[in-house]
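# Geometric and topological summary
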Amino acid sequence: MKFATKAIHAGQEPDPTTGAVMTPIYQTSTYWQKSPGDNKGYEYSRGTNPTRKALEDCLAALENAKYGLAFSSGMGATDAVLKLLSPGDEVITGNDLYGGSYRIFTKIFTKYGIKFHFLDLSKPENMLPYINDKTKLVWIETPTNPTMQIIDIEGVAKITKEKNLILTVDNTFASPYLQNPIDLGADIVMHSVTKYIGGHSDVVMGALVTNDEQLYKDLWFIYNACGATPGPQDSFLVLRGIKTLHLRMKAHCENGERIAHYLKNHPKVDKIYWPGFEDHPNHDVAIRQMRGFGGMISITLKGADLQETFRISSNFKVFTLAESLGGVESLINHPATMTHGSIPKEEREKVGVIDNLLRLSVGVEDIDDLLEDLENALA
Ligand SMILES: C=C(NCc1c(COP(=O)(O)O)cnc(C)c1O)C(=O)O
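Residues numbered from 1 in each chain as written. Predicted model: local features only at pLDDT ≥ 70, side-chain atom pairs only at ≥ 80, totals over all residues. Heavy atoms only, no water.

Looking at an unreviewed UniProt entry, the chain carries the name Cystathionine gamma-synthase, with the source organism given as Pedobacter frigidisoli. Taken directly from UniProt, the Cofactor (unreviewed entry) text for the chain runs: "pyridoxal 5'-phosphate". (UniProt positions renumbered as here; feature names shortened; annotations may be inferred.)

### Regarding helix H5 (residues 153-162)
Two residues of an α-helix separated by three or four positions point the same way, owing to the 3.6 residues in each turn. Taken together, the buried positions of H5 are occupied by Ile-153, Gly-155, Val-156, Ala-157, Ile-159 and Thr-160. Looking at the buried side of H5, the elements it contacts are strand E4 (135-141), strand E5 (166-170) and helix H10 (283-289). N-capping of H5 is provided by Asp-152, with a side-chain oxygen placed 3.2 Å from the backbone N of Glu-154. Taken from the residues just after H5, Asn-164 is the one with a positive phi, measuring 55 degrees. (Buried < 20%, exposed > 50% of the residue type's maximum accessible area, 1.4 Å probe, protein only. Helix = DSSP H or I, 4+ residues; strand = E, 2+ residues; numbered from the N terminus. Contact = heavy atoms within 4.5 Å. Polar contact = N/O pair within 3.5 Å; in protein donor to acceptor, adjacent residues only side chain to side chain.)

### Remarks on the domain arrangement of the chain
The assigned domain composition of the chain is domain 1 (3-240) and domain 2 (246-378). Between domain 1 and domain 2, the C-alpha centre-to-centre distance is 26 Å. Between domain 1 and domain 2 lies a buried interface of about 3,300 Å² when both sides are counted; carbon and sulfur atoms form 60% of it. If you sort the residues of domain 1 by the area they bury against domain 2, Ile-150, Leu-178 and Tyr-196 come out on top, with a joint share of 23%. At the boundary of domain 1 and domain 2, one finds one salt bridge. For Asp-152, the salt bridge identified is with Arg-288, shortest N-O distance 2.9 Å. Elements with a minimum of two residues in the side of domain 1 that touches domain 2: helix H1 (3-9), helix H4 (99-109), H5 and helix H6 (175-178). Looking at the side of domain 1 that touches domain 2, its residues break down into 21 nonpolar, 16 polar and five charged. (Domains from an automatic or database assignment. Buried area = accessible area lost by both parts, 1.4 Å probe. Salt bridge = Lys/Arg side-chain N within 4 Å of Asp/Glu carboxyl O. Nonpolar A, V, L, I, M, F, W, Y, C, P; charged D, E, K, R; others polar.)

### Comments concerning the site of the ligand
Taken together, the neighbourhood of the ligand is formed by 18 residues, with Asn-145, Asp-170, Thr-194, Ser-324 and Arg-359 sitting nearest. Asn-145 is positioned with one of its side-chain polar atoms (N or O) 2.9 Å from an oxygen atom of the ligand. Surface burial for the ligand is 93%, taken as the share of its 480 Å² of free accessible area covered by protein chains. Residue classes in the shell around the ligand are distributed as five nonpolar, eight polar and five charged. Split by domain, the shell around the ligand shows at least three residues from each of two domains, domain 1 (3-240) and domain 2 (246-378). (Near = heavy atom within 4 Å. Areas by Shrake-Rupley, 256 points an atom, 1.4 Å probe, with all protein chains shown as cover.)

### With respect to the sheet that holds strand E6 (residues 188-192)
Neighbouring strands of a sheet are bound in pairs by backbone hydrogen bonds; such pairs are parallel or else antiparallel. Strand order in this open sheet of seven strands is E1-E7-E6-E5-E4-E2-E3, and the pairing throughout is mixed. With one partner strand each, in any of the chains shown, strand E1 (67-71) and strand E3 (115-119) form the two edges of the open sheet. The average angle at which neighbouring strand axes cross in this sheet is 20 degrees, direction not considered. Bridge count for E6 against strand E7 (residues 206-210) is five bridges, and the pairing is antiparallel. Residue Val-189 lies in a different strand from E7, and its bridge partner there is Val-209. (Pairing = 2+ DSSP bridges. Axes fitted to C-alpha atoms, helices over the stretch in contact; angles between N-to-C directions.)

### Remarks on the UniProt feature "modified residue: N6-(pyridoxal phosphate)lysine" (unreviewed entry) in the chain
Mapped onto this structure's residue numbering, the UniProt feature "modified residue: N6-(pyridoxal phosphate)lysine" (unreviewed entry) falls at Lys-195. With respect to the helices and strands, the residue Lys-195 is situated in the loop between E6 and E7. By relative accessible area, which is 14% here, Lys-195 ends up buried. When residues no more than four places from it in sequence are discounted, the contact partners of Lys-195 are Thr-172, Ser-324, Leu-325 and Gly-326. For Lys-195, the side chain forms a polar contact with the side chain of Ser-192, separated by 2.8 Å.

Structural data, given as structure tokens:
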């Protein structure tokens, strides 16, 4: 099946009891057992729920994989991957990450003896000097949040396979519609489903997808034992959102491209970060591994201090100043004080997350309204 058909049908046979075409919301915590252990495959909803299972099967199908697990947030999914590790293990990751990922790495798992190396992964070979017998996991985002670095998934995967490391790719910014890391050699794909996959800013959820049966079993054990699993109502909402993912991503890409080119030469814009430009450092990698460049764009404002940046970010009428991304509505965010506030200033400024950087999540509103909003706000 092609992507659009999977988005609408994968994991969602008509309900076996009633024939309901839309997956029912199984709002139950527990299930009848004919005798202890003799059940219909469901015992307790923390571990298994039919609505969530339909979603997990759909998410796996969208990433061309066998196994999917849904979590109560993207950070819940990240937490589960890190729980595969033991004290003394080491992780290689990028130097530009979502602030919450940086925070869980440095403030939570460092306490449990995990060591993290934050590297410039613009070239996969940059990892090599940091790989040793304690290295177990490589965690990458691509495109990265918020400076849109592009990391060569296939190039990194070649090294992780050779060194027998687990490669996890946070595919949130691209979505499965634009990029499938498992096809490129990743062992696990992670998503903040909260974003493009849910697509309507009405659910917080995460997901992990893998083709590796042992990884799936180990991750399911953590998911059931630690309990960061979402309920059936949210699972239903995300199944509903996924049905238009292909249509929404097309609109995000179209609007994103128009706005990127509008901002590229804007007198108030100093730097612009968007993988679709030929002068993006890894544009050739983006073209190779992505089917489009999405709706995420970051800019720095020429000559603007923090106060001027705040003024401009509060000047929009259609773009909403808020955290998150990937919904139908356009959002604007100030990473330095909002989504990346947990990253020390000296660390985030090394990769360009400076006080006058703004991140745009371009929605699917009419492009003329979005361009007019930008024109007025930047005037
Ligand atoms: C809330 C925001 N990011 C969440 C996020 C997460 C965390 O997902 P949550 O569903 O918010 O827990 C993980 N990975 C990436 C790349 C993300 O962007 C944001 O950047 O506005």
